[in-house]
Amino acid sequence: MATPTFDQLLEAGCHFGHLKRKWNPAMAPYIFMERNGIHIIDLYKTAAKIDEAANALKQIAKSGKKVLFVATKKQAKEAIESKAGAINMPYVTERWPGGMLTNFPTIRKAVKKMTTIDKMAKDGTFDNLSKREKLQITRQRAKLEKNLGSIADLGRLPSALFVVDVMKEHIAVAEAKRLGIPVFAIVDTNSNPADVDYLIPANDDASKSIDIILDAVCAAMAEGLEERKVEKIDAPEDKDAEGEAPAKRRRVRRNEAPAAEAPKAEDAVAEAPAAE
């Protein structure tokens, strides 16, 4: 896992914050200076926070849990879809469906509708419907796929959220906070970091800035998933070794038993002349 260097973050434009008049005072510890009315973010702190967040996300991925990526702004959609999809993590890049976390069973029902429609198409039920009914169901399927297709494999609540722009995704952050789900987020100078468990102070409006941070985070999670695979492969071998150990101990005991009885026979022979 390689953390982006200061120069790489600088080149990506991660240091550009918002106008001074739009700043949130809670972000003061992460602001380096002001230039031409714009706050400049301290990239040394950004690099440290990326490393901290990446290590935490790696452990979550290694434990086999899911992280939900949330970014509905145009600059982040493509990056989230490609990078989160590459490591098989769920993501939301369209409108955040209200109650997605706090009312998760209802969202799962909507996802199951897609499966039901797919079954209808396979078993021939779809062919018996009228043209109008087919059109309505097809449109419904397309709408569900657009909004919920990327979370179809999310069978239970995610173990963490990764958010780009906490102000835009404030509903998602509020739901996660209510349920005690940890939030990882790219936080700009106009945002409040109080609701974020692992913040990464950086420019959340530039696609290059978002890309470089997502690269580091997703690479760390990919490492965690690989380590999990290796541990699963090694686990059966360890079990086999544990299963052989008692058998070896039993063989040792059987070999030791005659040796323990031998001195008794010798004593009996030694005592025989004395009896005569």
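Note: the structure precedes this text.
The rules behind the values
- Residues numbered from 1 in each chain as written.
- Predicted model: local features only at pLDDT ≥ 70, side-chain atom pairs only at ≥ 80, totals over all residues.
- Heavy atoms only, no water.
- Core = buried A, V, L, I, M, F, W, Y, C linked by side-chain atoms within 4.5 Å.
- Buried < 20%, exposed > 50% of the residue type's maximum accessible area, 1.4 Å probe, protein only.
- Helix = DSSP H or I, 4+ residues; strand = E, 2+ residues; numbered from the N terminus.
- Contact = heavy atoms within 4.5 Å.
- Axes fitted to C-alpha atoms, helices over the stretch in contact; angles between N-to-C directions.
- Parallel < 35°, antiparallel > 145°, perpendicular 65-115°, else oblique.
- Left-handed = near helix turned anticlockwise from the far one by under 90°.
- Nonpolar A, V, L, I, M, F, W, Y, C, P; charged D, E, K, R; others polar.

Draft legend 1. Main features of the nonpolar core. Of all hydrophobic cores here, the largest spans 36 residues; its most connected members are Val-67, Phe-69, Phe-162, Ile-213 and Met-221. Within the residue set of this core, elements represented by two or more residues are helix H2 (43-62), strand E4 (67-70), helix H3 (74-86), strand E6 (160-164), strand E7 (183-187) and helix H7 (207-275). Once you skip the residues sitting within four places of it in the chain, Phe-162 turns out to touch Leu-57, Val-67, Leu-68, Phe-69, Val-70, Phe-184, Ile-186, Ile-200, Ile-213, Leu-214 and Val-217. Within the second largest apolar cluster, 29 residues are counted, among which are Met-114, Leu-144, Val-163 and Leu-199.

Draft legend 2. A look at the packing of helix H4 (residues 104-123) against helix H5 (residues 131-148). Packing of H4 against H5 leaves a shortest axis separation of 10 Å and a crossing angle of 135°. By the angle between their directions, the pair H4 and H5 is classed as oblique. Of the two elements, H4 crosses H5, and the hand of that crossing is left-handed. Here Ile-107, Ala-110, Val-111, Lys-113, Met-114, Ile-117, Asp-118 and Met-120 of H4 come into contact with H5, specifically with Ile-137, Gln-140, Arg-141, Leu-144, Glu-145 and Leu-148. Grouping the amino acids of the contact of H4 with H5 by side-chain chemistry returns 9 nonpolar, 1 polar and 4 charged.

Draft legend 3. Fine view of the side chain of Lys-73. For Lys-73, the location among the structural elements is in the loop between E4 and H3. By relative accessible area, Lys-73 is classed as buried at 6%. Those residues in contact with Lys-73 that sit more than four places away from it in its chain are Val-164, Asp-165, Lys-168, Glu-169, Asp-204 and Asp-205.

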